[in-house]
Amino acid sequence: ARRWEASAVNGIARDDGDAGDEPAAMGDGTAAALIAGTTVGAGVLALPAATASAGFYSSTGVLCGAWVFMAVSGLLVAEASVAVVCQTGRPDLGFLATVRALLGEDVGRAAGAAYAFLHYALLVAYAAQGGALLAGGVGAAPAIGAVAFGASVGGGVAFGPSDAVDAANNVLVGVVVASFAALVFFGLPAFDVERLLAPAGEASAAFAAVPISILALVYHNVIPVVATRLAGDRRRIARAVILGSLAPLVMFVVWNALVLGSVDASGGDPVALLVAGAAGGPAAERLGGAVAVFSFSAVVTSFVGFYFGLRAYVRDVLVAAESPAADDERVLAAAVLVPPTILAAVDPTLFLPALDAAGTYGITFLFGVVPAACCWRLRRDAGAEEANEAYVPGGDAVLAAMVALSGGVIVEGALDAAGMV
């Protein structure tokens, strides 16, 4: 807070309209809501399939551990972002700009590559799942559904009026909330406590659920905005991160419990089984409909956010290369939409593998290793006084633990992909 008050951006702390073009102040509740809304996305759809073989107890423990990991990571991102904003006086810096400022251009390029990989992997997953849901609704082949999803949803987002896109996205966010409430209501008659709490056959499978769990709890792209608009106040930022991410954690545990307790997961993807009405009972059809609406709405809202994130990155790359294509929306849309749509059409079963790859390699490096390295560099450069303002206690031990945990997930994923574990 002392750094912020002494910096060139301290006008953000005021909400009196005198801060010029600086971002307006944000309330604590608004900040927590922004984090919660960013967290709830299509990643939750993969949780039941990823955790079914581990059982409810183990998977809930993994989710809670992933929440702690991501909360620490979010606070490290905030610490680095606030420091760089104070150093530069520029409150509009994103995460990649923060990385470049603290770790240099080479690491910045590596982080950019991880950012692009993460976004492409998620867009592949969303195109595959959205296409499967579309195809299932009309009885078409999943590959046709993936192409239709990429063309309709992707094309609408890329070339539709921004006001219309925003309005449609806001409506779909409301549909996500309403359909989740509906599926909880319709799911209660089919819910079987004994099925939910039955011992799973593979407790060790809990580790395999780690990538999907941390992916489902990612919200870090909005942390620089939250940190800036909360005026660099460490306590307010910590409160927003913890409360804003805690609500989705509770929602995810309830969702996982409902799905795993309503259908026999040994028959395949539990969410797909629910959509097909496998829960049984008089409310099975309504429950399947609610799950389908919730799934499709979550996929579309997530797709919209990641489309714009990747579009901004592609445009920055083209601007840096001084390419005139940077201002051609057709080129930007093609660069973002065509590769994921083709991959989803070639293999419509890529939803879970793509999400797993994004969590294993993209999230762990970008929001595990990199924030820890940023804060390590920051604390070394800033000296003891600034180190005392660290947003996460524990000093270098916590930073080392973040790198070690992230590295462990990456190595295990690489060994598994190579068939060595």
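Structural data are supplied above this passage.
Caption draft 1: How the structure looks around helix H5 (residues 95–103). For H5, every residue scored as buried is listed here: Phe 95, Leu 96, Ala 97, Thr 98, Val 99 and Leu 102. Taken from the residues just after H5, Gly 104 is the one with a positive phi, measuring 95°.

Caption draft 2: Layout of the environment of Trp 255. For Trp 255, the position within the fold is in helix H12 (residues 234–260). Residue Trp 255 is classed as buried on the basis of its relative accessible area of 1%. Taking the C-alpha atoms as reference points, Trp 255 and Pro 48, separated by 207 residues in sequence, lie 8.3 Å from one another. Discounting residues that sit within four places of it in the chain, Trp 255 has contacts with Val 44, Leu 45, Pro 48, Phe 180, Leu 183, Val 271, Val 291 and Phe 294.

Caption draft 3: Just the pattern of salt bridges, in detail. All chains considered together, the criterion is met by nine salt bridges. Arg 109 is the partner of Asp 106 in a salt bridge, and the nearest nitrogen-oxygen pair spans 2.4 Å. One end of the pair is Asp 106 and the other is Arg 109, both in helix H6 (residues 105–138) and three residues apart, which spans about a single turn. Summarising the burial analysis for this pair, Asp 106 and Arg 109 share the class exposed. Taken together, the shared-partner salt bridges in this structure form one network comprising Asp 28, Arg 236 and Arg 239.

Caption draft 4: Representation of the layout of surface pockets in the model. Estimated volume of the second largest pocket: approximately 410 Å³. Around the second largest pocket, the lining comprises 20 residues; the ones closest to its centre are Gln 129, Ala 132, Leu 133, Ala 272 and Val 275. For the lining of the second largest pocket, the secondary-structure elements that each account for two or more residues are H6, helix H13 (270–275), helix H14 (284–320) and helix H16 (351–382). With seven residues, H6 is the single largest residue contributor to the lining of the second largest pocket. For the lining of the second largest pocket, the class distribution of residues is 15 nonpolar, four polar and one charged.

Rules used in this analysis
- Within each chain, residues carry numbers counting from 1 in the order of the written sequence.
- In keeping with the model being predicted, local features are shown solely for residues with a pLDDT of at least 70 and side-chain atom pairs are shown and tallied solely at 80 or more, while totals for entire chains, interfaces and linings include all residues.
- Neither water nor hydrogens contribute to the side-chain values; these are computed over all heavy atoms in the structure.
- Here the term buried applies to any residue with accessible area under 20% of the maximum for its type, exposed to any over 50%, and partly exposed to those in between, with areas from a 1.4 Å probe on protein chains only.
- Here a helix means four or more residues in a row that DSSP labels H or I, a strand means two or more in a row labelled E, and each is numbered from the N terminus.
- The contact criterion used throughout is that any non-hydrogen atoms of two residues lie within 4.5 Å.
- Salt bridge criterion: a side-chain nitrogen from Lys or Arg within 4 Å of a carboxyl oxygen from Asp or Glu.
- Buriedness for pockets is judged along seven lines, at least five of which must meet protein on both sides within 12 Å for an open set on the 1 Å grid over protein atoms alone, while cavities are sets there where a 1.4 Å probe fits but cannot get out, and lining residues have an atom within 4 Å of a point.
- Grid points are joined across faces, edges and corners, and a volume is the space filled by probe spheres set on the points.
- In this classification, Asp, Glu, Lys and Arg are treated as charged, Ala, Val, Leu, Ile, Met, Phe, Trp, Tyr, Cys and Pro as nonpolar, and every other residue, Gly included, as polar.

Remember that the coordinates give geometry; whether it matters functionally is a separate question.
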